[in-house]
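So you can see what is in the structure, the chains are spelled out below.
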Amino acid sequence: REAGINLWVLTGDKLETARNIGFSAKVLVAGMSIATFDREATSTTASMTAMLDREADRFRGLEIQQKAIMVTGAGLELILGDTELKMRFLAVAKECSVVIA
C-alpha cells in the first residue's frame, strides 16, 4: 500500500471468506471503506447500476485513501455481462487500493 500498488485478488469464495482472507493477508485493514457488490442483493442490471453509482459518489466524498471493493462471483458475472456496468465498476475500482472477487 505504501508503494501505491493496487491489488486485485480473485478468490472465488463467499464474501465472508473473502473478507477473512483479506484481513488475514492484511490487504484489508480496520478503518478502510469497503464496498460490497453481490448479485443476491442486486439481482438486476438497473439495481447494480444504482449501487455502483451510489458507491462511486460515496467514495468520491471520502477523505480517506484506503478504499476497497468486495464482489461475489455472481455479482462479477452480472457486471462483466453488461458493457455499461463494466465501465461503471472499473470507474469505482480505480478509486480502490484493493479489489477482492
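Reading the values: rules and limits
- Residues numbered from 1 in each chain as written.
- Predicted model: local features only at pLDDT ≥ 70, side-chain atom pairs only at ≥ 80, totals over all residues.
- Heavy atoms only, no water.
- Pairing = 2+ DSSP bridges.
- Helix = DSSP H or I, 4+ residues; strand = E, 2+ residues; numbered from the N terminus.
- Axes fitted to C-alpha atoms, helices over the stretch in contact; angles between N-to-C directions.
- Phe/Tyr/Trp six-rings, centres within 6.5 Å; stacked < 30°, edge-to-face > 60°.
- Buried < 20%, exposed > 50% of the residue type's maximum accessible area, 1.4 Å probe, protein only.
- Parallel < 35°, antiparallel > 145°, perpendicular 65-115°, else oblique.
- Left-handed = near helix turned anticlockwise from the far one by under 90°.
- Contact = heavy atoms within 4.5 Å.
- Nonpolar A, V, L, I, M, F, W, Y, C, P; charged D, E, K, R; others polar.
- Arc of directions from axis to C-beta.
- Polar contact = N/O pair within 3.5 Å; in protein donor to acceptor, adjacent residues only side chain to side chain.
- Core = buried A, V, L, I, M, F, W, Y, C linked by side-chain atoms within 4.5 Å.

**A short note on the sheet that holds strand E4 (residues 98-100)**
The 4 strands are arranged E1-E4-E3-E2 in an open sheet whose pairing can be described as parallel. Each edge of the open sheet carries a strand with a single partner, namely strand E1 (7-9) and strand E2 (33-37). In this sheet, neighbouring strand axes are inclined to one another by 10° on average, regardless of whether the strands run parallel or antiparallel. Two strands pair when backbone bridges link them, and E2 and strand E3 (residues 67-71) are joined in this way by 5 bridges, in the parallel orientation. Looking at E3, one finds that Thr36 is bridged to Met70.

**A look at the packing of aromatic side chains**
Going through the model one piece at a time under the given rule, you end up with 1 aromatic pair. Centroid distance Phe37 to Phe89: 6.4 Å. Interplanar angle 75°. Geometry classified as edge-to-face. Of this pair, Phe37 sits in strand E2 while Phe89 sits in helix H4 (residues 83-93), and the two are 52 residues apart along the sequence. Comparing Phe37 with Phe89 shows no difference in burial state: the two are buried.

**Some words on the packing of helix H2 (residues 45-60) against H4**
The geometry of H2 relative to H4 is characterised by a closest axis approach of 9 Å and an angle of 20° between their N-to-C directions. With respect to H4, the element H2 is oriented roughly parallel. Once H2 is placed against H4, the crossing between them reads as left-handed. Mapping the contact onto sequence places Thr45, Met48, Thr49, Leu52, Asp53, Ala56 and Phe59 in H2 and Leu85, Arg88, Phe89 and Val92 in H4. Of the residues assigned to the contact of H2 with H4, the class counts are 7 nonpolar, 2 polar and 2 charged.

**Looking at H4**
Of the positions making up H4, those classed as buried are Leu85, Phe89, Val92 and Ala93. The arc that holds every buried residue of H4, seen down its axis, measures 95°, which confines them to one face. Across H4 from its buried face, at more than 90 degrees, point the exposed residues Thr83 and Met87. Structurally, H4 contributes buried residues whose contacts are with E1, E2, H2, E3, helix H3 (73-80) and E4. The N-cap of H4, judged by a side-chain oxygen 3.1 Å from the amide nitrogen of Glu84 a few residues on, is Asp82.

**Describing the nonpolar core**
Membership of the largest hydrophobic core comes to 19 residues, with the highest contact counts inside it found for Phe37, Met48, Leu52, Ile69, Val71 and Phe89. Contributions of two or more residues to this core are made by E2, H2, E3, H3 and H4. The leading source of residues in this core is H2, at 5 residues. Among the nonpolar cores identified, the runner-up in size contains 9 residues, and Val27, Ile34, Val98 and Ile100 belong to it.

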